[in-house]
Amino acid sequence: MFLFPICIATMAVMSLAVVPDTRREKETLRLKLRQTARDRHGDRDRDRHRDRDRDRDTYRPPDSWKDTNTEIRPADVRSDTEEWCRVIKSSPEPDIIFYNRIPKCASSTMLALYGARELKIRKTKAFESFNLHRKFWFDYPNPVLQEELYEEVNKHIQTPATKIVFNSHTGYFPFNQSAMKYQKLVEHTQVVRGCEARQMSASLYGLYGVMTRKKANRTKLYQHIQKHLSLTKESDVEPCLSSEACLKKKMLPANKSNLIATYMGGCEHNNCQSFSEKVQAVQTNIQAKGAYKTFGMSEFLSEYLEMLECVYPSMLTSISSIYENTDVLQMNKRDVINYHPPAVEIISKLSKAKCLDSPDTYLYHMLNATFWSRYQAMKTSPSSCCRPKSMLSIS
């Protein structure tokens, strides 16, 4: 008679042991489905881009660029890759990485990743990430701003042992070692994006972007668009969003199709006018001994992060796995905006026209070919291309 309650209690405990945590299972399933979808779309996009860009033997600028016959030749790329591997393998990790981020090229995602990496090892005080003041953004600093920039940098260099990532929307800035409080090694890194995609993203962000920061109803959205397009009445918004002439006149004078030469070549400071000068300025900085030891494509961010871990094994170890973390992805999550289909189609057409004769179109192909050559060498022979991981590094 006394055994019956005991049996019931035992069965209850056993049932609790075998009944799964429904919420945990649902969350696990949701993450698996999300990862599967991301992998599927990533593989599709990756194959499309690689077929279009990486496998192309040469790329010649359009006839409108009369001052050059420059080509991207596979032999030149292979020679650069061999030298790059030698330089990376034989040089120490820098103390400072300067990420002068190009707008609309995954910069928000990169900031989230650097911040997450900093949080991961904050207790050790071995890594810090700083966003430089907005007054340094967009232009090459003039002499007065240069002094202020060095003061800003020196302010954050507390101890010689600290590793730092500085980030800012600043044109290429060559650091002068003599102006720094500590004699620290500095290397640059960059993420670029196809000209048309970047121009279109910048245009849509200007048109709708403020609404991604806060939820707003239709009236507020239309009031913002009306102000952005300098329209007289709110009722003019819909017609303008369906008119190529209106959008072209109102919102596309600001050209975002010529940024690589500024952000990676410093052409605003060096006054590069011709196409050849722009190409030479960028080539100088991306060569093996140049300022940019690493750069990548926003369309292939995972591969770029792998390269960062290869070149900066002490500072940025595990940044790839952090990228796959759902929490970090949500840090950069923005509200979904329902763009007007006619506006998207028109802006896409106008963006393509903007980029047709832009040096950025050529520079993107040049950087793309160089990146994939270096990436393949890194994957094939990491011991020959990657820096050894410091024994003092924190993973």
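Structure: see above.
What you see is a predicted model, and the numbers here were worked out from it, not measured in a lab.

For the rest of this paragraph, the subject is the environment of cysteine 246. With respect to the element layout, cysteine 246 can be found in helix α9 (residues 244-251). For the pair cysteine 246 and leucine 229, spaced 17 residues apart in sequence, the C-alpha to C-alpha distance is 8.8 Å. Among all residues touching cysteine 246, those that are not within four sequence positions of it are Leu231 and Cys240.

Next up on the list: the state of the cysteines. Here is the idea: a disulfide is a covalent bond, and it sits between the sulfur atoms of two cysteines. In this structure the tally under the stated criterion is 5 disulfides. In this model cysteine 240 forms its disulfide with cysteine 246; the gap between the sulfur atoms is 1.9 Å. Measuring the twist about the S-S bond at about -95 degrees, one finds the cysteine 240-cysteine 246 disulfide to be left-handed. Shown here is the disulfide that connects cysteine 310 with cysteine 386, its sulfur atoms set 2.1 Å apart. Disulfide cysteine 310 to cysteine 386: torsion about the S-S bond roughly -110 degrees, handedness left-handed. Of this pair, cysteine 310 sits in helix α13 (residues 301-311) while cysteine 386 sits in the segment after α18 (382-385), placing them 76 residues apart in sequence. Owing to a relative accessible area of 6%, cysteine 310 belongs among the buried residues under this scheme. For cysteine 386, a relative accessible area of 13% translates into the label buried.

Attention shifts here to unusual backbone geometry. Notably, serine 230 is not glycine yet its phi reads approximately 55 degrees, a positive angle. Along the chain, the position of serine 230 falls in the loop between α7 (218-228) and α8 (237-241). Although it is not a glycine, serine 318 sits at a positive phi angle of roughly 80 degrees. Relative to the helices and strands, serine 318 is located in the loop between α13 and α14 (319-323). For serine 318, a relative accessible area of 13% corresponds to the buried category.

What follows deals with the pattern of salt bridges. As enumerated under the stated definition, the model contains 6 salt bridges in all. Note that arginine 198 and aspartate 360 form a salt bridge whose closest N and O atoms lie 2.5 Å from each other. In this pair, arginine 198 sits in helix α6 (residues 195-208) while aspartate 360 sits in helix α17 (residues 359-380), placing the two residues 162 residues apart along the sequence. Grouping residues by exposure puts arginine 198 and aspartate 360 together as buried. Residue lysine 379 is joined to glutamate 306 by a salt bridge in which the shortest nitrogen-to-oxygen separation is 2.8 Å. Of this pair, lysine 379 sits in helix α17 while glutamate 306 sits in helix α13, and the two are 73 residues apart along the sequence.

This part covers the pairing of strand β5 (residues 292-297). Within β5, 6 of the 6 residues are buried, which leaves the element mostly enclosed by the surrounding structure. In this structure, strand β4 (residues 186-192) lies alongside β5, joined through 5 bridges in parallel fashion. If you follow glutamine 190 over to β5, its bridge partner there is phenylalanine 295.

Rules and cut-offs
- Throughout this description, residue numbers start from 1 for each chain and increase along the sequence as written.
- In keeping with the model being predicted, local features are shown solely for residues with a pLDDT of at least 70 and side-chain atom pairs are shown and tallied solely at 80 or more, while totals for entire chains, interfaces and linings include all residues.
- To obtain the side-chain values, all non-hydrogen atoms of the structure were included, while hydrogens and water were left out.
- A run of DSSP states H or I qualifies as a helix once it reaches four residues; a run of E qualifies as a strand once it reaches two. Both are numbered from the N-terminal end.
- Residue contacts follow a heavy-atom distance rule, with two residues in contact if any of their heavy atoms lie within 4.5 Å.
- Counting rule for disulfides: a pair of cysteine sulfur atoms within 2.5 Å.
- For the exposure calls, accessible area comes from a 1.4 Å probe over protein chains only, and a residue counts as buried if that area is under 20% of its type's maximum, exposed if over 50%, partly exposed in between.
- Here a salt bridge means any side-chain nitrogen of Lys or Arg lying within 4 Å of a carboxyl oxygen belonging to Asp or Glu.
- Strand pairing follows a simple DSSP-based rule, namely that at least 2 bridges must link the two strands.

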